[in-house]
Amino acid sequence: LRRLAKADGLEFGVKLTNTFPVQVAAGELPSEEMYMSGRSLYVLSLSLAQKLSHAFDGTLPISFSGGIDAFNIREVLQTGIQPVTVATTILKPGGVLRFNQMADETAAVMTDYAGIDVAKLDAAVEAIFDESAGERYHKRWREKIRSRKTASALPLTDCYKAPCEHGGCPIEQQIPEYLTLTSEGRFAEAFDVIALDNTAPTITGVLCSEQCREHCTRLDYDISIDMRGVKLTASDGAQDDYIKATKAPELATTDKVAIIGAGPAGIASAIYLRRNGMDVDVFEKLEGPYGVVEYIIPKFRIDRDQITRDYELATALGVRFHFNADPDFDVAELKKSYSHVIVAVGAWGKCPSPVRDGGEHIVDAFDFLWATQNEGKTDYGKRVAVIGAGDVAMDCVRTASRLPDCEVAELVYRRTEPNMPATQHEVNLVRGEGLTMHQLLAPISYDGTTLRVEKMSLSELDASGRRSVTGTGEFTDMAFDTVVGATGATLLAEPYTRNGIALDGRGRPVLDKTFQSTVPGVYVIGDGRRGP
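Heads up: these notes are all about the structure in this document. (Residues numbered from 1 in each chain as written. Predicted model: local features only at pLDDT ≥ 70, side-chain atom pairs only at ≥ 80, totals over all residues. Heavy atoms only, no water.)

**Some remarks on the sheet that holds strand 12 (residues 436-438)**
Part 1 of the argument: On the basis of which strands lie adjacent, the open sheet formed by five strands has the order 9-16-10-11-12 and parallel pairing. In this open sheet, the two edge strands, each paired with only one partner strand, are strand 9 (363-364) and strand 12.
Part 2 of the argument: Alignment of strand 9 against strand 16 (residues 482-485), held across two bridges, turns out to be parallel. Residue Asp 364 lies in a different strand from strand 16, and its bridge partner there is Gly 485.
Part 3 of the argument: Of the strands in this sheet, strand 10 (383-387), strand 11 (408-412) and strand 16 are in contact with helix 15 (residues 391-401), which crosses strand 11 at around 165 degrees. (Pairing = 2+ DSSP bridges. Helix = DSSP H or I, 4+ residues; strand = E, 2+ residues; numbered from the N terminus. Contact = heavy atoms within 4.5 Å. Axes fitted to C-alpha atoms, helices over the stretch in contact; angles between N-to-C directions.)

**So, helix 9 (residues 227-245)**
Part 1 of the argument: Across its 19 residues, helix 9 extends 26 Å between first and last C-alpha, which sits within 8% of the 27 Å expected from 1.5 Å per residue.
Part 2 of the argument: By the largest-angle criterion, Ala 238 marks the main kink of helix 9, which is about 50 degrees.
Part 3 of the argument: Burial in helix 9 covers these residues: Met 227, Arg 228, Val 230, Lys 231, Leu 232, Ala 234, Ser 235, Ala 238, Gln 239 and Ile 243.
Part 4 of the argument: The elements touched by buried residues of helix 9 are helix 6 (175-183), helix 7 (187-197), helix 8 (201-207), helix 12 (304-317) and helix 16 (424-432). (Expected span 1.5 Å × (residues − 1). Bend = angle between axes of the 7 residues up to and from the residue. Buried < 20%, exposed > 50% of the residue type's maximum accessible area, 1.4 Å probe, protein only.)

**Focus: the pairing of strand 13 (residues 441-446)**
Here is the key point about a regular strand: its side chains alternate between the two faces of the sheet.
Part 1 of the argument: For strand 13, the tally of buried residues reaches six of six residues, placing the bulk of the element in the interior.
Part 2 of the argument: Examined bridge by bridge, strand 13 and strand 14 (residues 450-461) share five bridges and lie antiparallel to one another. Among the inter-strand pairings, Pro 443 is bridged to a residue of strand 14, identified as Val 453.

**Some thoughts on unusual backbone geometry**
Part 1 of the argument: The step from Leu 16 to Thr 17 runs through a cis peptide bond, and the omega angle for that step is -15 degrees.
Part 2 of the argument: Residue Gln 82 is joined to Pro 83 through a cis peptide bond whose omega torsion reads -5 degrees.
Part 3 of the argument: Within the chain, Leu 440 stands out as a residue other than glycine whose phi angle is a positive 60 degrees.
Part 4 of the argument: Looking at the element boundaries, Leu 440 is found in the loop between strand 12 and strand 13.
Part 5 of the argument: A positive phi angle is found at Phe 515, which is not glycine, with a value near 70 degrees.

**Examining the state of the cysteines**
Part 1 of the argument: The final tally for this structure, using the stated rule, is zero disulfides.
Part 2 of the argument: Here Cys 396 stays free of any disulfide, with the sulfur of Cys 351 as its closest cysteine sulfur at 7.9 Å. (Disulfide = S-S within 2.5 Å.)

**Remarks on the packing of helix 2 (residues 38-55) against helix 5 (residues 118-129)**
Two quantities define a packed helix pair, namely the angle between the helix axes and the distance between the axes.
Part 1 of the argument: One can describe the packing of helix 2 onto helix 5 by two numbers: an axis separation of 10 Å at closest approach and a directional angle of 150 degrees. Here helix 2 lies roughly antiparallel to helix 5, going by the angle between them. Viewed along their axes, helix 2 and helix 5 form a crossing whose handedness is left-handed. Contact residues: helix 2 offers Tyr 42, Val 43, Leu 46, Ser 47, Ala 49, Gln 50, Ser 53 and His 54, while helix 5 offers Val 118, Leu 121, Asp 122, Ala 124, Val 125, Ile 128 and Phe 129. (Parallel < 35°, antiparallel > 145°, perpendicular 65-115°, else oblique. Left-handed = near helix turned anticlockwise from the far one by under 90°.)

**What about the pattern of salt bridges?**
Part 1 of the argument: Scanning all chains against the criterion turns up 23 salt bridges.
Part 2 of the argument: Close ionic contact of Asp 279 with Arg 320 constitutes a salt bridge, the shortest N to O distance being 3.0 Å. Pair noted here: Asp 279 is in strand 6 (residues 279-283) and Arg 320 is in strand 7 (residues 320-322), with a separation of 41 residues, a long-range link.
Part 3 of the argument: For Asp 504, the salt bridge identified is with Arg 508, shortest N-O distance 3.3 Å.
Part 4 of the argument: For Arg 508, a relative accessible area of 22% corresponds to the partly exposed category.
Part 5 of the argument: Sharing partners across several salt bridges, the network here consists of Arg 301, Asp 395, Arg 398, Arg 402, Glu 426 and Glu 433. (Salt bridge = Lys/Arg side-chain N within 4 Å of Asp/Glu carboxyl O.)

**Remarks on the nonpolar core**
Part 1 of the argument: Grouped together as the largest cluster of nonpolar side chains are 31 residues, with contacts concentrated most on Ile 203, Val 282, Tyr 290, Ile 302 and Phe 321.
Part 2 of the argument: Listing elements by their share of this core, those giving two or more residues are helix 8, helix 9, strand 5 (256-260), helix 10 (264-275), strand 6 and helix 12.
Part 3 of the argument: The element contributing the most residues to this core is helix 12, with six residues.
Part 4 of the argument: Other than its neighbours up to four places away in sequence, Ile 302 contacts Ile 203, Val 206, Leu 207, Val 293, Ile 297 and Ile 307. (Core = buried A, V, L, I, M, F, W, Y, C linked by side-chain atoms within 4.5 Å.)

**Describing the packing of helix 10 against helix 12**
Part 1 of the argument: Contact geometry for helix 10 and helix 12: axes closest at 9 Å, N-to-C directions at 30 degrees. Judged by the angle between their axes, helix 10 and helix 12 are roughly parallel. Helix-helix and strand crossings are classified by hand; for helix 10 and helix 12 the assignment is left-handed. Each of Ile 267, Ile 271, Arg 274 and Arg 275 in helix 10 lies in contact with helix 12, whose residues at this interface are Leu 313, Ala 314 and Leu 317.

**Notes on the pairing of strand 14**
Part 1 of the argument: Where strand 13 hands over to strand 14, the hairpin turn is made up of three residues, of which Gly 448 adopts a positive phi near 105 degrees.
Part 2 of the argument: Pairing analysis gives nine bridges linking strand 14 to strand 15 (residues 467-479), with the strands arranged antiparallel. When the bridges of strand 15 are listed, Thr 450 appears paired with Ala 479.

Take a look at the structure:
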């Protein structure tokens, strides 16, 4: 073709790429095929450009249109590839404004065509796969996207939606408002907006699972906004003054409410009820507030002063707390003094065994974190494995690595990193600490010293939207002194059944639409309602 073109006084080159059809695998569009674009197409297209340029010693002209944006256009043009065209990036929110940025980036490197510099192209491709410089081309750059479908339909009378708030945040915080106010340094006003919906602003400013970020309109533009960090900035700037200015509202009724459990849900309900003029008593079996946040989550993740600051939001309103309360609460007895009883006891049941054989040798994640955080227990041996890949598993492996005698702390997971249920922030912390995350390994048995695992392979998407796995029949033995099971806490049935509250087939309390149980006047909220 090059010879033919030259004979007719023409030039011949190739375009990478025009379209690249792929199968619709997760219901993203109502069709069988869709066109790949953006960052994934850039990786494939530039790698192909590299192969062609090597084959033709840089003499084959290449026109490029595969995932170009403001972050890579300069590198591509510097290789001699031209012309370069863009599409996907300008279809994103604010994308048209990228033209000025791209012009600024490329004006200095645009030159007459003189062939392709294969060495520069090699460097550009190599940078994609560099763990630090090229991280934006890894799946983890998208954080934890559970679905690529549109978050919510726009009503006919509204052309604007904030998907972080509507469809992202479970309590629908007014995120655009507090982002704007905080960015302007108006912390007191921002905190007023946050505290209207959020009763634990500092804790969620540190530990929130950030479901808003999965829906952020900037997600594919560059990276989603750090809404959690902005919330913490506003809380640091204004929460203490907010607490000092808080006055207990007048009681609007003689009815009183008893709340069992001073975790996040129990304290949240106490704050809302007390704000609205009800007298509230909170009964907690532990010595202090916030349950798992205080006693299970490692101290290197959140300062106890930060937890106390959120607790003071409740005490400033006049909520009464009774710590070291009898854990064997009796709702019938409580109803003699209280018009309503709210059960918020959380999900403290042990994780399901991650192995088929030897489950008695597995240390439960909550037991492990309780002992290390509250009892000073450190004797778990030199080699510790954690099975699971949620936030609790990340807490466990990071805690294990800090034990004085521990030399090896590793994570064992049957899927791959993009399918880990943990927030990407927590996964990145584990990676940043140099801890090994074994992927595609399914635990089979543990005898107290040897963990047998089966190597897995990824298969189709399952009901959770993650890739399922199938066994390969290849097994490996791994030596560990302790294996921690972090596969998800469960509900304890006894507190409910003892009080006559009916449970469904999954061991969860049977509730009506107001969360009232089968015992009139008794309600269930928080992790104890549906599980963690």
